[in-house]
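These are the residues of each chain, in order.
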Amino acid sequence: YRETIKGTSDVEGKHKKQNGGSGQFGHVWIKFSPSEEEGLTFSVSVVGGVVPKNFNPAVEKGLQDSMLKGAYGYPMTRLAADLHDGSYHDVDSDELSFKTAASLAYKKCLEMASPVLLEPVGEALITVPDGMVGDVIGDLNKRRGSVMGMEPDAKKKGYTVVTAVAPKSEMMDYPIALRAMSQGRGVYAFKVTNYDVVPNMIASKIVEEYKKSQG
């Protein structure tokens, strides 16, 4: 599974630590929003050098490291982050401080920007005798699958190729189910093509199971 956000949030991350002599200081304002691209889309629109350019890579790295875990414990993807404001200290600011500030901003984003769970979805090609197409479609519907098309098999007379899109989690036992359904005459191929939002009821079960596994 993966996670992304549905909403946008403009949040502050401030890391300040004083221990005797030199301290640590990093301060960022980052606007988070959903992105079409996989992973992190990082941009900088800071004006007037309030965050020196040499700290930008540390902010980006802080976000990338934090994205290994989303609100539900799965990796975050399709996230846009724009560093647009902040402040620094001549002596106390360093890369680690800004990396920490970025991770604090990310945590706030998870609370405010409506995170959602994504699941791998793929294309299934199912070849079965013509008389079994109805059974296959009925079974796919139960698996949250959508039939995209059907055509006669060019190589095998009396067979139909059904093209469908379905979540990977619903297709794990499909080879066994198809064998039973088609008395061993069905052929099946599946490849993951995308990630889609998990329906709420199913997402809450997955999150519940994840929490249990974490004790």
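Values in this document were obtained by computation on a predicted structure and should not be read as measured data.

Some details on the nonpolar core
If you look at the biggest cluster of nonpolar residues, it comprises 25 residues, and the most contacted ones within it are Val28, Ile30, Phe32, Val59, Leu63, Leu79 and Tyr106. Secondary-structure elements contributing two or more residues to this core are strand S3 (23-34), strand S4 (40-44), helix H1 (56-66), strand S5 (79-87) and helix H2 (95-112). What Leu79 contacts, discounting residues up to four positions off in sequence, is Ile5, Phe32, Ser33, Ser35, Glu37, Gly39, Leu40, Thr41, Met67 and Tyr106. Among the nonpolar cores identified, the runner-up in size contains 14 residues, and Ile126, Val128, Met132 and Ala164 belong to it.

Regarding the side chain of Ser97
Structurally, the position occupied by Ser97 is in helix H2. At a separation of 3.2 Å, a polar atom in the side chain of Ser97 contacts the main-chain amide nitrogen of Phe25. In this structure, Ser97 is in contact with His15, Gln24, Phe25, Gly26 and Asp92, ignoring residues within four places of it in sequence.

Quick look at the pattern of salt bridges
Between side chains of opposite charge, pairing is possible as soon as their charged atoms come close. Taken as a whole and judged by the stated rule, the model has seven salt bridges. Residue Arg144 pairs with Glu119 through a salt bridge whose shortest N-O separation is 2.8 Å. One end of the pair, Arg144, is in the loop between helix H3 (133-142) and strand S7 (146-152); the other, Glu119, is in strand S6 (residues 115-129), with 25 residues separating them in the sequence. Given the relative accessible area of 3%, Glu119 is considered buried. Overlapping salt bridges, with partners in common, bring together Lys61, Asp65 and Lys99 in one network.

Regarding the packing of H3 against helix H4 (residues 174-181)
Taken N-terminus to C-terminus, the directions of H3 and H4 make an angle of 150 degrees; their axes are 11 Å apart at the nearest point. The orientation of H3 relative to H4 falls into the category roughly antiparallel. As for the relative orientation of H3 and H4, their crossing is right-handed in sense. Only Tyr174, Leu178 and Met181 of H4 make contact with H3, whose side of the interface consists of Asp135, Val136 and Asp139. Considered class by class, the residues forming the contact of H3 with H4 number four nonpolar, no polar and two charged.

Conventions we followed
- Residues numbered from 1 in each chain as written.
- Predicted model: local features only at pLDDT ≥ 70, side-chain atom pairs only at ≥ 80, totals over all residues.
- Heavy atoms only, no water.
- Core = buried A, V, L, I, M, F, W, Y, C linked by side-chain atoms within 4.5 Å.
- Buried < 20%, exposed > 50% of the residue type's maximum accessible area, 1.4 Å probe, protein only.
- Helix = DSSP H or I, 4+ residues; strand = E, 2+ residues; numbered from the N terminus.
- Contact = heavy atoms within 4.5 Å.
- Polar contact = N/O pair within 3.5 Å; in protein donor to acceptor, adjacent residues only side chain to side chain.
- Salt bridge = Lys/Arg side-chain N within 4 Å of Asp/Glu carboxyl O.
- Axes fitted to C-alpha atoms, helices over the stretch in contact; angles between N-to-C directions.
- Parallel < 35°, antiparallel > 145°, perpendicular 65-115°, else oblique.
- Left-handed = near helix turned anticlockwise from the far one by under 90°.
- Nonpolar A, V, L, I, M, F, W, Y, C, P; charged D, E, K, R; others polar.

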